[in-house]
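What follows is each chain in one-letter form.
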Amino acid sequence: MNNTEYIPIAALNQYAYCPHRCWRMFCAEEFIDNQYTIEGTSLHERVHTLGDSNREDTWQIRAIYLKSEKYQLIGKSDLIELENSEWYPIEYKQGLKGEWDNDELQVCAQALCLEEMTGKSVTTGYIYYAHSHQRQLVEISEELRQSAIATIKSVQNLLETGIMPTATYSKRCQGCSFYNQCLPQVAEKVRRYQEDI
Amino acid sequence: MGTVYITQEDAFIGKVDERLNVKYEKKTILDVPLIKIDGLVVMGRASISPATIAELVNYKIPLTFLTNKGKYIARLEPEMSKNIFLRSAQWKAMGESTQAIHVSKGFVRGKLKNYRQSLLQAQRRYTELNLSAGITQLESAIANLAQATSIDSIRGLEGAGSAAYFSCFNQLIRVENFQFHTRNRRPPTDPVNSLLSLGYALLRHDVQGAINIVGFDPYLGYLHTERYGRPSLALDLMEEFRPVIVDAVVLAAINRRILVPTDFITEPVSNAVSLTKEGLHKFLRLYQEKKQTKFKHPVMQKQYTYQESFEIQARLLAKYLMGEIEKYPPLVMK
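Residues numbered from 1 in each chain as written. Chains lettered and ligands numbered in written order. Predicted model: local features only at pLDDT ≥ 70, side-chain atom pairs only at ≥ 80, totals over all residues. Heavy atoms only, no water.

### Comments concerning the confidence of the model for chain B
All names here are of chain B.
At step 1: Looking at chain B as a whole, the pLDDT averages 90, with 97% of positions reaching at least 70.
At step 2: At the low end of the mean pLDDT range in chain B sits strand S8 (residues 72-76), at 80; at the high end sits helix H8 (residues 241-255), at 96.
At step 3: Two numbers describe this predicted complex: its pTM, 0.79, and its ipTM, 0.73. (pLDDT = per-residue confidence, 0-100. Helix = DSSP H or I, 4+ residues; strand = E, 2+ residues; numbered from the N terminus.)

Okay, structure coming up:
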């Protein structure tokens, strides 16, 4: 990969959710909306309007570009805040806290960018769940950092090679907007299928 | 969800907000939300506004132009899918590759098995028919298919099987005033052939729509490769659907006396036969109803409409070519 090719932060989240989905979105560039993604998009349209404001002692900046040269990351933040000279990223999500930790990876990747951009270490981040109006604390632990860095490497490899990860069925497939394209159960169905004479 | 067919000569196809609005002599004759449309077919002389074309592209609704007799003219597609991996797999398999032979056998096997199935059903229903010779010939073509080692020999078996089926086709017509002798086209010169040709043109629009959605290059086929500029892959994937959808609709239209001889007109000199406007409406309605009919997909083991099954077969083909599944299962009806 040449130095101008950055990894979209959003791809990390998708990769952690399902490598095959990540491939469809970022390598094959397919995208089909379903109910969940449409709700998510309109939420982000509201969030992604550049602006800054103050809330008590907190400086809030919305919708700015995040970038890390070290990790070759690029993305857009929903919201970053500065309070008591500490920076932290806040990622907006539709619905309730998911069963998967992919959102935390995304916050961690934003934190890595923010550290590089501000020169200060970032130790916490938040995920804001629109459905419950609750913020959930994400501790940017060493473990989460390592896991984010490993995911960055995997995504980098995926984008470079374009090799399609296998579509494997799991509980996650039920809410996935790609279900009807990737048909994760079909390989098994075809294997069992006996054609009529 | 469905395909909208515009058959009114001189109709004006426009859009109002996010709705398709069709006018004739300044009166609205159709007004449907674009979100409910998954294909637009314009038959004959109608005009369409540039804003509507832009909106169709935006909604990824394919637009097909046919003559008023159903002959294919042109097609407008939304931007090509960026899935270069699938197209690359499709091109790598071209020619006499193992994969090309496998899928070609699948298309032909699906078609011939479905031909056989409809003859068997007719034989059970009408014991006085004599379809056994045709059924036997189809069975031998199906059996020989397994041993075929070249695309040409698959084409040969496809030809033999189709000939066997069409030699029985007249017996499937249960009314006095229609007859079928042999398949003829360009132009079809009898009512039955004109219905078959029209039905296959409509089916091609639908199948091509499905293969475009999946991201194939429609012009690279395996079984149909002989002529430049034909959507060969659509013609390939159509094979298994021909008897199930088009032939079934044609026979239903005739045998249920929905179409009668006065629904057809014959051109002088050329003897080209086509439907009257009223006949065309009746036939389009039947075709549309058939596509919306649900059935249990033998591989997926779930209810789908025939319309949905076009895309499923295209996805199965994609998965086979991409190496995700071991075989291509054609749609074989029980």
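Now that the structure is up, let's keep going.
### Let's talk about the interface of chain B and chain A
At step 1: Between chain B and chain A, the contact holds 21 residues from the first and 23 residues from the second.
At step 2: Taken as a group, Phe 85, Arg 315 and Lys 319 of chain B account for 23% of the area that chain B buries against chain A, more than any other trio of residues on that side.
At step 3: Where chain B packs against chain A, one counts three salt bridges.
At step 4: Across the contact surface, chain B and chain A share eight residue pairs in polar contact (both at pLDDT 80 or more).
At step 5: Residue assignment for the side of chain B that touches chain A shows that the elements contributing at least two residues are helix H3 (98-125) and helix H10 (306-321) of chain B. (Contact = heavy atoms within 4.5 Å. Buried area = accessible area lost by both parts, 1.4 Å probe. Salt bridge = Lys/Arg side-chain N within 4 Å of Asp/Glu carboxyl O. Polar contact = N/O pair within 3.5 Å; in protein donor to acceptor, adjacent residues only side chain to side chain.)

### Side note on the packing of helix H4 (residues 132-145) of chain B against helix H5 (residues 151-172) of chain B
All names here are of chain B.
At step 1: Where H4 meets H5, the closest approach of the two axes is 8 Å, and the angle between their N-to-C directions is 165°. In this view, H4 runs roughly antiparallel relative to H5, as classed from their interaxial angle. Crossing of H4 against H5: the hand is left-handed. Taking contact as the criterion, the partners of Gly 134, Gln 137, Leu 138, Ala 141, Asn 144 and Leu 145 in H4 are, on H5, Ile 154, Leu 157, Gly 161, Ala 164, Tyr 165 and Cys 168. (Axes fitted to C-alpha atoms, helices over the stretch in contact; angles between N-to-C directions. Parallel < 35°, antiparallel > 145°, perpendicular 65-115°, else oblique. Left-handed = near helix turned anticlockwise from the far one by under 90°.)

### Some words on the packing of aromatic side chains
At step 1: Under the counting rule described, the total for this entry stands at 15 aromatic pairs over all chains.
At step 2: For the pair Phe 241 of chain B and Phe 310 of chain B, a centre-to-centre distance of 4.9 Å together with 85° between the ring planes defines the contact as edge-to-face. Of this pair, Phe 241 of chain B sits in helix H8 while Phe 310 of chain B sits in helix H10; the two residues are 69 residues apart in sequence, bridging distant segments of the chain.
At step 3: According to the relative accessible area criterion, Phe 241 of chain B is buried, its value standing at 0%.
At step 4: Judged by relative accessible area, which is 1%, Phe 310 of chain B ranks as buried.
At step 5: An aromatic cluster is present here, built from Tyr 115, Tyr 165, Phe 166, Phe 169 and Phe 180 of chain B joined pairwise through their rings.
At step 6: A cation over a ring is seen here: Lys 76 of chain A above Tyr 65 of chain A, with NZ or CZ 5.4 Å from the ring centre.
At step 7: Here the basic side chain of Arg 242 of chain B rests over the ring of Tyr 200 of chain B, its NZ or CZ set 4.6 Å away from the ring centre. (Phe/Tyr/Trp six-rings, centres within 6.5 Å; stacked < 30°, edge-to-face > 60°. Buried < 20%, exposed > 50% of the residue type's maximum accessible area, 1.4 Å probe, protein only. Lys NZ or Arg CZ within 6 Å of the ring centre and 35° of its normal.)

### Points about the sheet that holds strand S4 (residues 65-68) of chain A
Residue and element names in this part refer to chain A.
At step 1: Taken in spatial order, the three strands of this open sheet run S1-S5-S4, and their pairing is mixed. Edge positions in the open sheet fall to strand S1 (7-8) and S4, since each of these has one partner strand only.
At step 2: In this sheet, strand S5 (residues 73-76) lies alongside S1 in parallel orientation, the contact comprising two bridges. From the neighbouring strand, Pro 8 faces S5, where its bridge partner is Ile 74.
At step 3: Across the sheet, helix H4 (residues 102-118) is in contact with S4 and S5; its angle to S4 comes to roughly 80°. (Pairing = 2+ DSSP bridges.)

### Focus on the pairing of strand S11 (residues 294-297) of chain B
Residue and element names in this part refer to chain B.
At step 1: Relative to strand S12 (residues 302-305), S11 is paired through four bridges, and the arrangement is antiparallel. Each residue of the ladder has a partner; that of Lys 294, found in S12, is Thr 305.
At step 2: Following S11, the chain reverses through four residues before pairing antiparallel with S12; Gln 301 in that reversal takes a positive phi of roughly 55°.

### Quick notes on the side chain of Ser 162 of chain B
All names here are of chain B.
At step 1: In this fold, Ser 162 is placed in helix H5.
At step 2: When its relative accessible area of 10% is taken as the criterion, Ser 162 is described as buried.
At step 3: Sequence-distant contacts of Ser 162, that is, excluding residues within four places in its chain, are made with Lys 111, Leu 112 and Tyr 115.

### Some thoughts on the pattern of salt bridges
At step 1: Per the stated rule, a full pass over the model turns up 23 salt bridges over all chains.
At step 2: Between Glu 326 of chain B and Arg 191 of chain A there is a salt bridge, with its nearest N and O atoms 3.2 Å apart. With Glu 326 of chain B in the segment after H10 and Arg 191 of chain A in helix H7 (residues 186-192), this residue pair bridges two chains.
At step 3: Its salt-bridge partner being Asp 152 of chain B, residue Arg 155 of chain B comes within 2.9 Å of it at the nearest N-O pair. Pair noted here: Arg 155 of chain B and Asp 152 of chain B are both in helix H5, with a separation of three residues, about one helical turn.
At step 4: What emerges from the salt-bridge pattern is a single network uniting Glu 188, Arg 191 and Arg 192 of chain A together with Glu 326 of chain B.

### Quick look at the pairing of strand S2 (residues 12-16) of chain B
Every regular strand shows the same layout, with side chains that alternate between the two sheet faces.
Residues and elements named next belong to chain B.
At step 1: When S2 meets strand S3 (residues 19-24), the two strands line up antiparallel, connected through five bridges. Note that in S3 the partner of Phe 12 across the bridge is Lys 23.
At step 2: Connecting S2 to the antiparallel partner S3 that follows it, the hairpin turn spans two residues, and Asp 17 within it adopts a positive phi of roughly 50°.
At step 3: As defined by bridge partners, S2 adjoins strand S6 (residues 47-48) across two bridges and the pair is classed as parallel. The partner of Phe 12 across the bridge, within S6, is Ser 47.

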